[in-house]
Amino acid sequence: MRRIILSTESGADLPGEWAGKYNVQVVPMHIIMEGKDYLDGHLPVQDIYDYYERTKNIPSTTSTNVYEYQEFFANIRKNFPDSIIVHIGYTSKASSSFQHAVIAAEEFEDIFLIDALNVTGGLAAIVLYAAELLEEDPSIEPEQFVAKIEEIVPKSRLVFIPGSLEFLKAGGRVSNMASLIGTLLKIKPCIELKDGKLMSTKKYRGKMSGVTEKLWEDYLSSFNIDRKQIYLIYSIGLDDSIKQRMDEIAKENGFHHIRWIQAGGMISTHSGAGGFGIAGLEQ
């Protein structure tokens, strides 16, 4: 039986212990700061915020390129000979990374590519769904495995409140960002993934403690989320009392497994410090 190996990008913010547990291979994206190219996941997120505080400049990000994907896939095959690779990628609507993976995969056989149309915890939820499915049934046929993942992609629901609107504005990844101009200092926008695109939907006012509770209320009323597990995403700088309250709300609403994910460099560069998000899979 040929072994299936899962892979994804660093923009999934998949914690190292989870990647290790399920043997998920992670290819880094890039953060450009002070003219230097850093691999996402190898640069402490705090350095990004320190750089902004010092210079008032926000780093930029770039996708994994074709050559890096070729090396990445070749290395997986070297370490796991005769394996079948299933790559679950960062949304193609916000990065060229997935398209670069498509080009690189042309040089290999038995690679399946899935556009997750999601980022950070929303992408991680899909990857971990796939990992647990594979753990339960390691002999599953690749085509059936891929079909099950593709079926869950539109059911992954991610919402988040960015920590810094300056970062959000500079990042330029939110499709309807123009609608926020002029009110940046007065509101806290909810960012959602709509058909793979980052979109500003609801707008909240008030302190982060109240806004995050309202986000929970709207999230649970909008989506029929599977109570088996929920993913809570935070940026460095989110108050511990808010994190504690978010845990309480998750438990009050019957979630069995609450998994916290720290936003990595890729997401933090676009959302700033002190943000909070929720990701889960619809039933």
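Just above sits the structure.
No experiment lies behind these values; they were computed from the predicted model shown.

Caption draft 1: A look at the overall build of the protein. Along the protein, the regular secondary structure elements total 10 helices and 13 strands. Its C-alpha atoms give the protein a radius of gyration of 18 Å, within 12% of the compact-globule value 19 Å for 283 residues. By principal-axis analysis of the C-alpha atoms, the protein measures approximately 55 × 45 × 30 Å. Among the 283 residues that make up the protein, the fraction classed as buried is 54%. At a minimum sequence separation of 6, the contacts of the protein that also span at least 24 residues come to 74%. About 12,600 Å² of surface is accessible on the protein, with carbon and sulfur atoms providing 48% of the total. Here the protein holds 29 positive side-chain charges and 38 negative ones, and the gap between their average locations is 8 Å.

Caption draft 2: A look at helix α3 (residues 66–79). For α3, which comprises 14 residues, the first-to-last C-alpha distance of 20 Å matches the rise-based estimate of 20 Å (1.5 Å per residue) to within 8%. Within the sequence span of α3, burial applies to Tyr69, Gln70, Phe72, Phe73, Ile76 and Arg77. Down the axis of α3, the smallest arc covering the buried residues is 165 degrees, so these residues share one side. Looking at α3, the residues exposed on the side facing more than 90 degrees away from the buried face are Tyr67 and Lys78. On its buried face, α3 is in contact with β1 (4–9), β2 (25–27), β6 (84–89), α4 (97–105) and β7 (111–115). The residue sitting at the N-terminus of α3 and contributing the capping side-chain oxygen is Asn65; that oxygen lies 3.2 Å from the backbone nitrogen of Tyr67.

Caption draft 3: Expanded view of the sheet that holds strand β5 (residues 60–62). Pairing within the open sheet is antiparallel, and its 3 strands lie in the order β4-β3-β5. At either end of the open sheet lies a strand with only one pairing partner, and these are β4 (36–39) and β5. This sheet shows a mean twist of 35 degrees between the axes of neighbouring strands, independent of strand direction. Two strands pair when backbone bridges link them, and strand β3 (residues 30–33) and β5 are joined in this way by 3 bridges, in the antiparallel orientation. In the sheet register, Ile32 faces β5, and the bridge partner there is Ser60.

Caption draft 4: Here's a closer look at the nonpolar core. Residues Leu6, Leu14, Val86, Ile88, Tyr90, Phe145 and Ile149 are the most contacted members of the largest nonpolar core, which totals 46 residues. The element that contributes the greatest number of residues to this core is helix α5 (residues 120–136), accounting for 10 residues. The contacts of Val86, once residues within four sequence positions are left out, are Ile4, Ile5, Leu6, Ser7, Phe112, Ile114, Phe145, Val146 and Ile149. Trp216, Phe223, Leu232 and Ala250 belong to the second-largest nonpolar core, a separate cluster that totals 23 residues.

Caption draft 5: The sheet that holds strand β12 (residues 257–262), seen in detail. Read across the sheet, 6 strands follow the order β10-β9-β8-β13-β11-β12 without closing on themselves; strand pairing throughout is mixed. One side of each edge strand has no neighbouring strand; the edge strands of this open sheet are β10 (197–204) and β12. On average, adjacent strands in this sheet sit at an angle of 20 degrees to one another, irrespective of strand direction. Sheet analysis places strand β8 (residues 156–161) next to strand β9 (residues 188–194), joined by 2 bridges and oriented antiparallel. Bridge assignment links Phe160 to a residue of β9, and that residue is Ile191.

Cut-off values and rules
- Residues numbered from 1 in each chain as written.
- Predicted model: local features only at pLDDT ≥ 70, side-chain atom pairs only at ≥ 80, totals over all residues.
- Heavy atoms only, no water.
- Helix = DSSP H or I, 4+ residues; strand = E, 2+ residues; numbered from the N terminus.
- Rg over C-alpha atoms; globule rule 2.2 N^0.38 Å.
- Buried < 20%, exposed > 50% of the residue type's maximum accessible area, 1.4 Å probe, protein only.
- Contact = heavy atoms within 4.5 Å.
- Areas by Shrake-Rupley, 256 points an atom, 1.4 Å probe, with all protein chains shown as cover.
- Lys, Arg positive; Asp, Glu negative; His and termini not counted.
- Charge placed at Lys NZ, Arg CZ, Asp CG, Glu CD.
- Expected span 1.5 Å × (residues − 1).
- Arc of directions from axis to C-beta.
- Polar contact = N/O pair within 3.5 Å; in protein donor to acceptor, adjacent residues only side chain to side chain.
- Pairing = 2+ DSSP bridges.
- Axes fitted to C-alpha atoms, helices over the stretch in contact; angles between N-to-C directions.
- Core = buried A, V, L, I, M, F, W, Y, C linked by side-chain atoms within 4.5 Å.

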